[in-house]
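Examining the three-dimensional arrangement
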Amino acid sequence: MKSFKSITLILGLLFTFSISFHAFSQEGRVTINQDERISQLLELKKDINKDETNPKRYKIQIYSGNRAGAKNAETNFTETFNQWRPRMHYETPNFKVWAGNFSTRLEADRALRKIRKKFPNAFIFKPKK
């Protein structure tokens, strides 16, 4: 008799819990009211970030040397890191490979930590041009 009461109690509790989960579930819809100028500002920020010639931006140099080595470094970098585009520059007498276009030193430092695993001689700089 005692086991029948305990089984009934356990089944009753399970039934109560299962019904309570369904009783309190909610469905809703979220509406976001956003000023249309926010989208315009985001587009403007994207355009500003594309400007790779801005001298206030930080870059990471991953290679300096002959043309074949620069081309090889550029290819290896592209295969390893797809979030930053490398660019080859010529400064007499060396070809240099630069990557990134960072607006803050902190962003550049974070990227450099990842890049140095593959290119240990990489460093951060601001172009003079």
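1. Considerations on the overall build of the protein
Secondary structure summary: the protein contains 4 helices and 4 strands in total. Seen in sequence order, the protein has helices and strands lined up from the N terminus as α-α-β-α-β-β-α-β. Per-residue burial over the protein gives 25% buried out of 129 residues. Taking the contacts inside the protein whose residues are at least 6 apart along the sequence as the reference set, 64% of them involve residues at least 24 apart. Carbon and sulfur atoms make up 57% of the accessible area of the protein, which amounts to about 10,700 Å² in all.

2. Describing the packing of aromatic side chains
Each aromatic ring pair is characterised by the separation of its centres together with the angle its planes make. All chains considered together, the criterion is met by 7 aromatic pairs. The interplanar angle of 40° and the centroid separation of 5.0 Å between the aromatic rings of F77 and F81 together place this pair among those described as tilted. Overall, the relative accessible area of 9% leaves F81 in the buried class. Ring plane angle 50° and centroid distance 4.7 Å describe the contact between Y90 and F95, whose orientation is recorded as tilted. A relative accessible area of 16% means that F95 is categorised as buried. Taken together, the aromatic side chains of F77, F81, W84, F102 and F119 make up a single cluster linked through ring pairs.

3. Digging into the nonpolar core
Formed by 19 residues in total, the largest nonpolar core has its most connected members in I60, I62, F77, I115 and F119. Among the elements of the structure, β1 (58–65), α3 (67–80), β3 (94–102) and α4 (105–115) are those that each provide at least two residues to this core. Excluding residues that lie within four positions of it along the chain, I115 makes contacts with I60, I62, F77, F81, W84 and A122.

4. Describing α4
Residues of α4 that are buried include every one of A108, A111, L112 and I115, and no others. For α4, the arc enclosing every buried residue in end-on projection is 105°, short of the 170-degree limit, so these residues lie on one face. Facing away from the buried side of α4 by more than 90 degrees, the exposed set consists of R110 and R113. Turning to α4, the residues buried within the fold contact β1, α3, β3 and β4 (123–125).

5. Points about the side chain of K96
Residue position: K96 is located in strand β3. Looking at K96, its side chain comes within polar contact range of the side chain of E91, at 3.1 Å. The residues touching K96, leaving out its near neighbours within four places in the chain, are Q61, Y63, S64, R87, M88, H89 and E91.

6. Describing the pairing of β3
Counted residue by residue, β3 has 8 buried out of 9 residues, so it is predominantly covered. In this sheet, β3 lies alongside β1 in antiparallel orientation, the contact comprising 6 bridges. Bridge assignment links S64 to a residue of β3, and that residue is K96. Bridge analysis of strand β2 (residues 86–91) against β3 gives 6 bridges, and the strand direction is antiparallel.

Analysis parameters
- Residues numbered from 1 in each chain as written.
- Predicted model: local features only at pLDDT ≥ 70, side-chain atom pairs only at ≥ 80, totals over all residues.
- Heavy atoms only, no water.
- Helix = DSSP H or I, 4+ residues; strand = E, 2+ residues; numbered from the N terminus.
- Buried < 20%, exposed > 50% of the residue type's maximum accessible area, 1.4 Å probe, protein only.
- Contact = heavy atoms within 4.5 Å.
- Areas by Shrake-Rupley, 256 points an atom, 1.4 Å probe, with all protein chains shown as cover.
- Phe/Tyr/Trp six-rings, centres within 6.5 Å; stacked < 30°, edge-to-face > 60°.
- Core = buried A, V, L, I, M, F, W, Y, C linked by side-chain atoms within 4.5 Å.
- Arc of directions from axis to C-beta.
- Polar contact = N/O pair within 3.5 Å; in protein donor to acceptor, adjacent residues only side chain to side chain.
- Pairing = 2+ DSSP bridges.

Functional significance is not addressed by these values, which are geometric in nature.
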